[in-house]
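Spelled out from the first residue to the last, the chains are:
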Amino acid sequence: MRLQYPADIKVVRVPCTGKVDVLHILRAFEKGADGVYVVGCMEGDCHFNKGNFRARKRVEQAKAILDTVGVGGERVRMYNLSSSEAPRFVEYAKEMDQRIRELGPNPIKTKKAKAA
Amino acid sequence: MIVADKKPMEEIIQEVKDHSKILILGCNECVTVCEAGGKKEVGVLASALRMYFMNQGKTATIDEITLERQCDHEYLEEVRDRIDLYDAVVSLACGVGVQFMAEKYQATPVYPGVNTCFLGATEKRGLWTERCQACGQCILAFTGGICPISRCAKRIMNGPCGGSTKGKCEISKEIDCAWQLIVDRLKALNRLEDYEKIFSIKDWSTDRAGGPRKVQREDVQE
């Protein structure tokens with residue numbers, strides 16, 4: 001099933017979404033990412049019981065912070081799927097890609113470029 | 001430990017928005033345990049402030065340091081050689097740390113990054129509750145290890161009062177009646193005769209009523 005997903009998505013692999021910290025998400029935006037989405041296992045299916053629930057909470061925290069600093073919380077999102085659902089992975093990738101394209105580039109990146 | 005809560009990010013931004021070289025100073029003690037002012041929270045706040053300033057089109061330096069403690073001279077001395085690099089410090093320590101920092105480095109404004117709440121315990125992750133009001137004259141020996149000063153809304157010494165219903169306090173159904181807890185505990189210890197003793201009026205001069213307090217011990221002074 002050699003499915004294609006948007007080429008501008010950089011996949012960062014983690015052993016479990018429970019490993020993803022709010023700081024990882026924030027640093028990505030600080031370094032110029034236009035959007036970040038976390039893809040975890042289906043809720044209730046976590047091998048470590050709570051990993052994906054923890055990730056969801058951290059995504060919410062990041063969202064609140066990004067809203068406060070003016071970057072925009074809608075640039076970060078959590079998705080859940082089962083590891084065998086490649087078509088859904090592609091669907092989410094396209095959806096997120098589309099959403100970020102509509103929002104435009106990370107505002108701090110454009111302001112930084114203007115300042116320079 | 002001293003329990004603190006996070007200050008809203010908007011409030012911190014208001015505190016520092018006119019500065020451009022800011023040090024975020026965390027504390028490795030109590031505020032780390034209650035997840036309000038440790039190394040992790042320093043990182044999150046620093047990242048958020050960097051993004052805020054970048055989004056405003058301003059150039060700002062936001063550095064991060066987490067000290068072992070901010071309530072001891074020797075640890076605060078660790079930033080002496082760098083403090084002049086900054087035009088503001090946001091201290092994520094409790095109110096003690098913020099003040100000690102401000103006293104030590106007079107020329108640099110220090111802003112609080114947390115709201116210091118009380119002396120309490122971690123009941124579970126994300127839930128901290130008050131256990132001590134530092135009244136300066138501990139009576140736990142007589143009350144079965146449960147403090148009516150910090151846990152009774154009225155701080156009464158001979159309770160429970162008429163507002164105790166089914167073990168809960170009248171101010172909230174979620175708050176245990178401290179005196180009910182005391183009676184239950186004394187019963188479990190087979191010491192109910194202690195409950196019958198009447199406490200005389202408490203000397204509040206060792207509490208805040210006597211003004212700012214100090215503990216001075218010549219036996220350990222140098």
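Conventions and cut-offs
- Residues numbered from 1 in each chain as written.
- Chains lettered and ligands numbered in written order.
- Predicted model: local features only at pLDDT ≥ 70, side-chain atom pairs only at ≥ 80, totals over all residues.
- Heavy atoms only, no water.
- Helix = DSSP H or I, 4+ residues; strand = E, 2+ residues; numbered from the N terminus.
- Contact = heavy atoms within 4.5 Å.
- Areas by Shrake-Rupley, 256 points an atom, 1.4 Å probe, with all protein chains shown as cover.
- Lys, Arg positive; Asp, Glu negative; His and termini not counted.
- Charge placed at Lys NZ, Arg CZ, Asp CG, Glu CD.
- Pairing = 2+ DSSP bridges.
- Axes fitted to C-alpha atoms, helices over the stretch in contact; angles between N-to-C directions.
- Buried area = accessible area lost by both parts, 1.4 Å probe.
- Salt bridge = Lys/Arg side-chain N within 4 Å of Asp/Glu carboxyl O.
- Polar contact = N/O pair within 3.5 Å; in protein donor to acceptor, adjacent residues only side chain to side chain.
- Nonpolar A, V, L, I, M, F, W, Y, C, P; charged D, E, K, R; others polar.
- Domains from an automatic or database assignment.
- Buried < 20%, exposed > 50% of the residue type's maximum accessible area, 1.4 Å probe, protein only.
- Arc of directions from axis to C-beta.
- Core = buried A, V, L, I, M, F, W, Y, C linked by side-chain atoms within 4.5 Å.

A.B. asks: Please clarify how the overall build of chain B should be interpreted in this entry.
C.D. replies: Broken down by element type, chain B carries eight helices and nine strands. In chain B, the proportion of contacts linking residues at least 24 apart, taken out of those at least 6 apart, comes to 58%. A total of about 12700 Å² of accessible surface is found on chain B, and carbon and sulfur atoms cover 51% of it. Within chain B, one finds 30 positive and 33 negative side-chain charges whose respective centroids are separated by 5 Å.

A.B. asks: Please clarify how the sheet that holds strand 1 (residues 2–6) of chain B should be interpreted in this entry.
C.D. replies: By definition, the strands of a sheet pair up through backbone hydrogen bonds, in either a parallel or an antiparallel sense. Residues and elements named next belong to chain B. With respect to topology, three strands assemble into an open sheet ordered 1-6-7, the strand pairing being antiparallel. Pairing within the sheet leaves two strands with one partner each, and these edge strands are strand 1 and strand 7 (127–132). Looking at each pair of strands side by side, their axes are set apart by 75° on average, direction ignored. Sheet analysis places strand 6 (residues 114–124) next to strand 7, joined by five bridges and oriented antiparallel. Pairing of glycine 120 across the sheet is with glutamate 130, part of strand 7.

A.B. asks: Would you explain the interface of chain B and chain A in this entry?
C.D. replies: One widely used convention gives an interface's size as the accessible area the parts lose upon coming together. At the interface, 15 residues of chain B touch 17 residues of chain A. Both faces combined, the contact of chain B with chain A buries some 1500 Å², and carbon together with sulfur accounts for 64% of it. By the criterion of area lost to chain A, the three top residues of chain B are Met51, Met54 and Asn55 of chain B, representing 44% of everything that side buries. Inspection of the region where chain B meets chain A yields three salt bridges. Residue glutamate 64 of chain B pairs with arginine 27 of chain A through a salt bridge whose shortest N-O separation is 3.6 Å. The tally of links from chain B across to chain A stands at six residue pairs in polar contact (both at pLDDT 80 or more). Counting residues per element, the ones that place at least two in the side of chain B that touches chain A are helix 1 (9–16) and helix 3 (39–55) of chain B. Considering every element that reaches the side of chain B that touches chain A, the biggest residue donor is helix 3 of chain B, with 10 residues. By residue class, the composition of the side of chain B that touches chain A is seven nonpolar, four polar and four charged.

A.B. asks: How do you make sense of the pairing of strand 9 (residues 172–176) of chain B when you look at a structure like this?
C.D. replies: Successive residues of a regular strand alternate their side chains across the two faces of the sheet. Residue and element names in this part refer to chain B. Pairing geometry for strand 8 (residues 168–169) and strand 9, over two bridges, is antiparallel. Residue pairing for strand 9: lysine 168 is matched across the bridge by aspartate 176. Counting the residues that bridge the hairpin from strand 8 to strand 9 gives two residues.

A.B. asks: Which parts of the structure should I look at to understand the sheet that holds strand 2 (residues 21–27) of chain B?
C.D. replies: All names here are of chain B. Ordered in space as 3-2-4-5, the four strands form an open sheet in which the pairing is parallel. Each of the sheet's edge strands pairs with one partner strand only, and the pair in question is strand 3 (61–67) and strand 5 (110–112). Each adjacent strand pair in this sheet contributes to an overall mean axis angle of 25°, direction not counted. Taken together, the seven bridges between strand 2 and strand 3 define a ladder with parallel strand orientation. Counted as the bridge partner of leucine 25 is isoleucine 65 from strand 3.

A.B. asks: I would appreciate a short explanation of the domain arrangement of chain B in the present structure.
C.D. replies: Taken domain by domain, chain B comprises domain 1 (2–118) and domain 2 (133–203). A straight line from the C-alpha centre of domain 1 of chain B to that of domain 2 of chain B covers 38 Å.

A.B. asks: Mind showing me how you'd approach helix 1 of chain B here?
C.D. replies: At 3.6 residues per turn, the α-helix brings residues three or four places apart onto the same side. Of the positions making up helix 1 of chain B, those classed as buried are Met9, Ile12, Ile13, Glu15 and Val16 of chain B. The arc that holds every buried residue of helix 1 of chain B, seen down its axis, measures 155°, which confines them to one face. Those residues of helix 1 of chain B that are buried are in contact with helix 2 (51–69) of chain A together with strand 2, helix 3, strand 4 (88–91) and strand 5 of chain B.

A.B. asks: What exactly am I supposed to notice about the nonpolar core here?
C.D. replies: Inside soluble globular proteins, nonpolar side chains tend to come together where they are buried. Ile25 of chain A together with Ile24 of chain B are the most contacted members of the largest nonpolar core, which has 47 residues in total. If one sorts the elements of this core by residue count, helix 3 of chain B sits on top with 10 residues. Ignoring any residue separated from it by four or fewer positions in sequence, one finds isoleucine 25 of chain A in contact with Val20, Val36, Val38, Arg58, Val59, Ala62 and Val76 of chain A.

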